[in-house]
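Per-entry structural report
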Amino acid sequence: MSFRRKIVAGNWKMNNSLAEALTLVDGVIAHLDPNTITEVIICPSYAVLAPIHAHLQGMPKIRLGAQNCSEFNSGAYTGEVSAQMITSVGCQYVIVGHSERRTYCNESSEQLTQKMKRALENKLHPIFCIGENLEERNGAKHFDIVKGQLKNVLSTFSLHDLKELLIAYEPVWAIGTGVTATSAQAQEMHAFIRKTISELFSVDFANTLPILYGGSCNALNAKELFACKDVDGGLIGGASLKAEDFCKIISSF
Ligand code: 13P
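Described below are features of the structure shown in this document. (Residues numbered from 1 in each chain as written. Predicted model: local features only at pLDDT ≥ 70, side-chain atom pairs only at ≥ 80, totals over all residues. Heavy atoms only, no water.)

1. A word on the nonpolar core
- With 66 residues, the main nonpolar core has Phe-128, Leu-154, Ile-167, Ile-193 and Ile-197 as its most contacted residues.
- Core analysis: the next-biggest nonpolar cluster, separate from the first, contains 12 residues, Ile-41, Cys-129, Leu-166 and Leu-235 among them. (Core = buried A, V, L, I, M, F, W, Y, C linked by side-chain atoms within 4.5 Å. Buried < 20%, exposed > 50% of the residue type's maximum accessible area, 1.4 Å probe, protein only.)

The structure is reproduced here in C-alpha cells:
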C-alpha cells in the first residue's frame, strides 16, 4: 500500500435514470464506512449531476465528477457540455480520455489536450485515462503506447498546471470483460507510468501523483490490486453500480 492519497472513483457510464441514480447514491451513503480514509468520487451521467449534487449536501466525503467535457468553452456545439457547466453543477472532477471515448468518438490527443485545458481553467481535477488494447499488449507495445498517451497530452502542461491531476491506468482488454490485470501487471505498469511522469516532470511530483487502476476491478480483487505499491486506488465501472460492492472496494485498502 502506498503513502499517497487513496481514491476510489465510480464511472457510472451511460447507466441510471434520475430515480435510479438517487437510489444508488442513497445506497452508497448507507454502506460507506464513516471512518474511511479513502477519497470517494462518483461520476454519473451529465443528466443527473445537478440533482445528485443537491442530494449529496451534507456528505462531504463523496465528491462529484463528470465523465467528459467539451474541448470548447461555449458556442454552437449541439449536444456538448462545457467544463464551466460541469463546475456550475457541483463537479470537482472530470474524466478525460476514457478509452470508450477514444474508441467510439475518435478522441485524439490534440482534442484531449484541449479538454484538459478547459478542465484546468475551470478548476476541475482531471482524471486522465490511458491504457493499451489487447493487440498492443500481445505485441509487447503496451509500454510505448502508454508512454505516448502520457507524453502527447501532458507535455503541453507545466508542473504547476497539473498539480490536481489524477491518472487512471485502464487496460482496454480489462474494461467490462471480467478479465482483470493481475496485480503484477498492474504494479509493473503503474511503476512505469510513475517513472515516465518523473522523466516528464519531476520525481517529487511523480511520487505524490495518484495513479488509479481500472478494468474489471471488483469487491473480490480490489484488495490485492490496492496492495500494490504504485496502485493508489481504482476507477470502477460495473462494480460502482452496486452500492455494497462499491463500498467494499472503497474499504479495500
Ligand atoms: P469496468 O470496471 O466495468 O471494467 O470498467 C472500468 C472502466 O472503464 C472505468 O472507467
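2. Regarding helix α1 (residues 18-31)
- A rise of 1.5 Å per residue sets the reference length of α1, with its 14 residues, at 20 Å; its end C-alpha atoms lie 20 Å apart and thus fit the reference within 8%.
- Within the span of α1, buried status applies to Ala-21, Leu-24, Val-25, Gly-27 and Val-28. Buried residues of α1, seen end-on, are gathered within an arc of 160 degrees and therefore sit on one face of the element. Away from its buried face by more than 90 degrees, α1 exposes Ala-19, Thr-23 and Ala-30.
- Its buried side turned inward, α1 meets β2 (39-43), α2 (49-55), β3 (62-66) and α11 (243-250). (Helix = DSSP H or I, 4+ residues; strand = E, 2+ residues; numbered from the N terminus. Expected span 1.5 Å × (residues − 1). Arc of directions from axis to C-beta. Contact = heavy atoms within 4.5 Å.)

3. What about the site of the ligand?
- Neighbouring residues of the ligand: Asn-11, Lys-13, His-98, Glu-170, Ala-174, Ile-175, Gly-176, Gly-215, Ser-216, Leu-235, Gly-237 and Gly-238.
- A distance of 2.9 Å separates an oxygen atom of the ligand from a polar atom in the backbone of Gly-237.
- Grouping the amino acids of the shell around the ligand by side-chain chemistry returns 3 nonpolar, 7 polar and 2 charged. (Near = heavy atom within 4 Å. Polar contact = N/O pair within 3.5 Å; in protein donor to acceptor, adjacent residues only side chain to side chain. Nonpolar A, V, L, I, M, F, W, Y, C, P; charged D, E, K, R; others polar.)

4. Section: the side chain of Gln-187
- Take Gln-187: it is sitting in helix α8 (residues 183-200).
- Filtering out sequence-adjacent residues up to four positions away, Gln-187 remains in contact with Cys-228, Lys-229, Asp-230 and Val-231.

5. Section: unusual backbone geometry
- You will see that Asn-106, though not glycine, has its phi angle at about 50 degrees, which is positive.
- On the secondary structure map, Asn-106 appears in the loop between α4 (99-104) and α5 (109-121).
- Its identity is not glycine, yet Lys-123 carries a phi of approximately 60 degrees, on the positive side.
- With respect to the helices and strands, the residue Lys-123 is situated in the loop between α5 and β5 (125-130).

6. Quick look at α11
- Ala-243, Phe-246, Cys-247, Ile-249 and Ile-250 are the residues of α11 that are buried. Seen end-on, α11 carries its buried residues on one side only, within an arc spanning 155 degrees.
- Looking at the packing, one finds that the buried side of α11 touches β1 (7-11), α1, β2, α10 (222-226) and β8 (233-236).

7. What to know about the state of the cysteines
- Throughout the structure, instances matching the rule amount to 0 disulfides.
- Cysteine Cys-91 is unpaired, with the sulfur of Cys-43 as its nearest cysteine sulfur at 7.6 Å.
- With no disulfide of its own, Cys-217 lies 11 Å from the sulfur of Cys-228, the closest cysteine sulfur. (Disulfide = S-S within 2.5 Å.)

8. Observations regarding the packing of aromatic side chains
- According to the stated counting rule, one finds 5 aromatic pairs in the structure shown.
- Judged by centre distance (4.0 Å) and plane angle (5 degrees), the rings of Phe-72 and Tyr-77 are stacked.
- For Phe-72, a relative accessible area of 33% puts it in the partly exposed group. (Phe/Tyr/Trp six-rings, centres within 6.5 Å; stacked < 30°, edge-to-face > 60°.)

9. Some remarks on the pairing of β3
- The buried fraction of β3 amounts to 4 of the 5 residues, a majority that puts the element mostly inside the structure.
- Where β2 and β3 come together, 3 bridges link them in parallel fashion. Looking across to β3, one finds that Ile-42 is bridged to Leu-64.
- Of the crossover connections in this fold, the one passing from β2 over α2 to the parallel β3 is right-handed.
- The pairing of β3 with strand β4 (residues 93-96) spans 2 bridges and is classified as parallel. From the neighbouring strand, Gly-65 faces β4, where its bridge partner is Tyr-93.
- Between the parallel elements β3 and β4, the chain passes through helix α3 (residues 83-88) in a crossover that is right-handed. (Pairing = 2+ DSSP bridges. Right-handed = clockwise from strand over helix to strand, strands pointing away.)

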